[in-house]
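Each chain is listed here by its residues.
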Amino acid sequence: MPDESSFQTILENGSVVIRKTSTYDIDDRLVEYIVVTVLDKRGRVADEFSSRDDEDSRAWELFQKARGAARSSEGIIARLLEEIG
């Protein structure tokens, strides 16, 4: 599932997957969603919820922070590869 629209964080008792997805509503308008999936230690879904772009700003803030952290780590890895290579 990894791509530029999904992020996973491993925690002590499981993990959290955050992803952005979109669909069209009945008026043919694009609607974006954030889907948060909580997995237990065995990787089974313990809970899942979604939020439209105009509903829960906490879910969108979580997505933005996860994306920022991932991009930051990618930059660190790129710099390490430059130094090694």
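Residues numbered from 1 in each chain as written. Predicted model: local features only at pLDDT ≥ 70, side-chain atom pairs only at ≥ 80, totals over all residues. Heavy atoms only, no water.

1. Remarks on the overall build of the protein
Next, step 1: In terms of regular secondary structure, the protein is built from one helix and four strands.
Next, step 2: Ordered by position from N to C terminus, the α and β elements of the protein give β-β-β-β-α.
Next, step 3: Looking at the 85 residues of the protein, the share that counts as buried comes to 24%.
Next, step 4: Within the protein, residue pairs in contact and separated by at least 24 positions form 27% of the contacts whose partners lie at least 6 positions apart.
Next, step 5: Just so you have it, the protein exposes about 6600 Å², and 50% of that area is on carbon and sulfur atoms. (Helix = DSSP H or I, 4+ residues; strand = E, 2+ residues; numbered from the N terminus. Buried < 20%, exposed > 50% of the residue type's maximum accessible area, 1.4 Å probe, protein only. Contact = heavy atoms within 4.5 Å. Areas by Shrake-Rupley, 256 points an atom, 1.4 Å probe, with all protein chains shown as cover.)

2. Overview of the environment of Phe 7
Next, step 1: Within the fold, Phe 7 resides in strand E1 (residues 6-11).
Next, step 2: Distance in space between the C-alpha atoms of Phe 7 and Phe 63 is 8.1 Å, their sequence separation being 56 residues.

3. Some thoughts on the nonpolar core
Next, step 1: Membership of the largest hydrophobic core is limited to nine residues, which are Phe 7, Val 16, Ile 18, Ile 34, Val 36, Ala 59, Trp 60, Phe 63 and Ala 66.
Next, step 2: Elements with a minimum of two residues in this core: strand E2 (14-24), strand E3 (30-39) and helix H1 (57-84).
Next, step 3: Broken down by element, the residue count for this core peaks at four residues, all from H1. (Core = buried A, V, L, I, M, F, W, Y, C linked by side-chain atoms within 4.5 Å.)

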